[in-house]
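Coordinate inspection notes
The chain contents come next:
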Amino acid sequence: MNAGFLPMPARIVAIEPLDRDHRLFSLRPAQPFDLRPGQFVEITIPGVGAFPVSACAPVAAGLLTSCIRRAGRVTEALFQLESGALLGVRGPFGNGFPVETFYGSDPLLIAGGLGIAPLRALLHALLAIPERVGRITLLYGTREPGALLFREELAGLAATGRIDLRLSVDFAEELSLEEWGVACEVGLVNDLLRAVTFDPARTVAALCGPPGLYRCLIEELARAGIPPQRIFATLERRMRCGIGECCHCVTGGVFLCREGPVFSLDRLRSMEGAI
Amino acid sequence: MPWPAFPSIALQPDEVGRLFSALASGRLMFGPRPGSDGSCRLQPLPEIPAHPGAAQPFLSLKKFLVPDGDPLWAWTSERYAGPPPPPRLTVVDLPLCDLQALAWLDLVFAEDPPYRARREALLVVGAPCQPAADCFCDPAGLLPGGDLFRAGTRWWALSPVGEALLVRAAGPGNLAGEPLPGPEPGGAVPTVDPARFAGSAGDPLWDEAAARCLACGACSAVCPTCMCYEVVDDPRLDGTVTRRRVWDNCFFPEHARVAGGHDFRPGRGRRLRFRFEHKYLGFGPWRGLSSCVGCGRCRRACPVGISLEEVAGRLARGAGP
């Protein structure tokens, strides 16, 4: 997209609220660019700062679409902006998910919380090549029913049989999820994993979620028989440069921003502090 | 072990005069000079000193090449613009440890446009120094960076730019390989066994070494090869914004904290281990390359007397003090 530190001007063209703390931002950068699922960009609000974020959909019609949580100083400022505001974008950075590794497989996507965002980009990339992939399963857990993102879209994909969708929430005061036509368990994503059947030899798994999700789940996938080089996770860390300089994201001696943020389990096992 | 050899030549006084003119022409000159407070710093020089005499400045060349607060871009009238061209500088009389540190910065910032611009506008001349009691030189360490080196009437070309300057001053064809006249090696950069380091995550030595650490970050600030940075925006009332990179520090508690508050490197023991890993084992493409140059600045700056070398010794000996 561009070299060095100079951002490319990018205008907000749409903002769609998802819930109180999550909005879908569509940006139109001044020049065409591409972003693979799992890669990330740095979004700048001039005068406020910048933050790294992945896209939640493949780039289409020159639009970068990200699901952003109000989580810190810069995203708080972003939530005060309206359509038409001019921002800056640097990137793309990182490796992204190896989509070709999913060819001929049954993809198993596991998301916790906002981890659904980059996995949704991967999901859409896989849905675009139905002749190349088998049955897609998505396990998605959040804290409470109201925090389930993209639920109408996901429920629609499940209703038409394009994905096998399993939802879970940690807590639920009201269990009104049936109205979307999708069953939702109260419990952890791990419970969902135990409830689905998959052929480990045909499965390629991708995970995204908070650190706890990786600690509980990733080795469980390996124990279920999925080869560790076919289990992928994308890691979140503090990032300031995207080019392997500023040192914040270094984990196990590796610049996650350059070599990652997506790693296979066999690599993660050799990276101290990664999971 | 001798210092590495570089193309060298003894210059006649008129040739030195031509070389000095080339080094000074259109450039600000700096060199290490003691200030009134007794600290040696890189200070402006009216001219290049006739006789070489290197001394270790309090801060190394990173003060010029990755200055704290360096502008990355400016935002004016809805446009992003790169930083202004950097000043053309000549820095003379740097000790070999700082030339080795320069080689490291050249490596890790090889693709960094602001660094490249500053580096290309900089000429660096080294000279032998008198090592202090609390530093050591390791000729087996990084190959010294910079452009020229001088001792007595003899000059060495450390880079193609330096060689071109010598050839312009003295004519072609007279340069011959000659080891740098560095000080006697005073020690060696500790060699850290990666396997032993990898197995040491649960070793109490890190927390013990960090028990008296104040997390002040002085060690990283004065280290000539510590280079991690934060970026901050500097908005002005006229609507312009300058994004700057400022020196960061892996001892600071925010260094590995993400939005939402999760800290991926909690505790001083882990942060000390992180700095140790960066210094002796290297990160990413530079894994296996130590960036310690033995300058001793970190030990001198530490208010509580922590020495990474002692930590390295303890790690090598195994558990226990």
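Residues numbered from 1 in each chain as written. Chains lettered and ligands numbered in written order. Predicted model: local features only at pLDDT ≥ 70, side-chain atom pairs only at ≥ 80, totals over all residues. Heavy atoms only, no water.

Helix and strand counts for chain B stand at 11 helices and 12 strands. Whereas a compact globule of 321 residues would reach a radius of gyration of roughly 20 Å, chain B reaches 21 Å, a difference of no more than 12%. Within the span of chain B, comprising 321 residues, buried residues form 52% of the whole. The contacts in chain B between residues at least 6 apart in sequence include a share of 72% that link residues at least 24 apart. Counting only carbon and sulfur atoms, one obtains 57% of the accessible surface of chain B, whose full area is about 13900 Å². Each charge class in chain B can be summarised by its mean position, and for the 34 positive and 33 negative side chains these summaries are 2 Å apart. (Helix = DSSP H or I, 4+ residues; strand = E, 2+ residues; numbered from the N terminus. Rg over C-alpha atoms; globule rule 2.2 N^0.38 Å. Buried < 20%, exposed > 50% of the residue type's maximum accessible area, 1.4 Å probe, protein only. Contact = heavy atoms within 4.5 Å. Areas by Shrake-Rupley, 256 points an atom, 1.4 Å probe, with all protein chains shown as cover. Lys, Arg positive; Asp, Glu negative; His and termini not counted. Charge placed at Lys NZ, Arg CZ, Asp CG, Glu CD.)

Next up on the list: the sheet that holds strand E2 (residues 22-29) of chain A. All names here are of chain A. In spatial order, the strands read E4-E3-E6-E1-E2-E5; together these six strands make up an open sheet with antiparallel pairing. Lying at the two open borders of the sheet, with one neighbouring strand each, are strand E4 (49-54) and strand E5 (64-69). Across this sheet, the average inter-strand angle for adjacent strands is 40°, counted without regard to direction. In terms of strand pairing, strand E1 (residues 8-19) meets strand E6 (residues 86-93) through four bridges, oriented antiparallel. Its bridge partner being in E6, Ala10 is matched across the sheet by Leu87. (Pairing = 2+ DSSP bridges. Axes fitted to C-alpha atoms, helices over the stretch in contact; angles between N-to-C directions.)

Counting residues at the interface gives 45 residues for chain B, matched by 37 residues for chain A. Between chain B and chain A, a total of about 3100 Å² is buried, with carbon and sulfur atoms accounting for 58% of that surface. Of all residues in chain B, Tyr80(B), Tyr229(B) and Phe264(B) give up the largest surface area on contact with chain A, accounting jointly for 21% of the area buried on that side. Counting across the chain B and chain A interface gives seven salt bridges. In this structure, the connection of chain B to chain A is made through 19 residue pairs in polar contact (both at pLDDT 80 or more). Where the side of chain B that touches chain A is concerned, the elements lending two or more residues are strand E4 (70-76), strand E5 (79-81), helix H4 (113-120), strand E11 (229-235), strand E12 (241-247) and helix H9 (268-280) of chain B. Ranked by the residues each element gives to the side of chain B that touches chain A, the list is headed by E11(B), at five residues. (Buried area = accessible area lost by both parts, 1.4 Å probe. Salt bridge = Lys/Arg side-chain N within 4 Å of Asp/Glu carboxyl O. Polar contact = N/O pair within 3.5 Å; in protein donor to acceptor, adjacent residues only side chain to side chain.)

What follows is about the side chain of Arg27(B). Residues and elements named next belong to chain B. Among the structural elements, Arg27 can be located in the loop between helix H1 (13-24) and strand E2 (28-34). A distance of 3.1 Å separates a polar side-chain atom of Arg27 from the backbone oxygen of Ala121. Contact partners of Arg27, with chain neighbours within four places excluded, come to Arg88, Leu89, Thr90, Ala121, Leu122 and Leu123.

Residues and elements named next belong to chain A. On domain assignment, one finds that chain A holds domain 1 (8-93) and domain 2 (99-234). Averaged C-alpha coordinates put domain 1 and domain 2 at centres separated by 24 Å. Contacts between the two partners involve 12 residues from domain 1, matched on the other side by 13 residues from domain 2. Carbon and sulfur atoms make up 71% of the area that domain 1 and domain 2 hide from each other, which totals about 1000 Å². On the domain 1 side of the interface with domain 2, the three residues burying the most area are Pro37, Cys56 and Cys67, jointly 39% of the side's total. Counting every contact that joins domain 1 to domain 2 gives zero salt bridges. At the boundary of domain 1 and domain 2, one finds two residue pairs in polar contact (both at pLDDT 80 or more). Taken together, the residues of the side of domain 1 that touches domain 2 sort by class into eight nonpolar, two polar and two charged. (Domains from an automatic or database assignment. Nonpolar A, V, L, I, M, F, W, Y, C, P; charged D, E, K, R; others polar.)

All names here are of chain B. Regarding helix H11 (residues 308-317), the residues found buried are Leu308, Val311, Ala312, Arg314 and Leu315. End-on, the buried residues of H11 take up no more than an arc of 160°, which puts them together on one face. Exposed side of H11, more than 90 degrees from the buried face: Glu310 and Arg317 are the residues found there. Positive backbone phi, at 100°, marks Gly318, one or two positions downstream of H11. (Arc of directions from axis to C-beta.)

Our focus in this paragraph is the packing of aromatic side chains. Under the counting rule described, the total for this entry stands at 17 aromatic pairs over all chains. Between the aromatic rings of Phe102(A) and Phe232(A), the centroid separation amounts to 6.4 Å while the plane-to-plane angle is 40°, which identifies the pairing as tilted. Of this pair, Phe102(A) sits in the loop between E6 and strand E7 (106-112) while Phe232(A) is found in strand E12 (residues 231-234), placing the two residues 130 residues apart along the sequence. One exposure class covers both Phe102(A) and Phe232(A), and it is buried. An aromatic cluster is present here, built from Phe255(A), Phe274(B), Phe283(B) and Trp286(B) joined pairwise through their rings. Residue placement shows Arg245(B) over the ring face of Tyr229(B); its charged tip is 4.8 Å from the ring centre. The residue whose ring lies beneath Arg273(B) is Phe197(B), and the NZ or CZ to ring-centre distance is 4.1 Å. (Phe/Tyr/Trp six-rings, centres within 6.5 Å; stacked < 30°, edge-to-face > 60°. Lys NZ or Arg CZ within 6 Å of the ring centre and 35° of its normal.)

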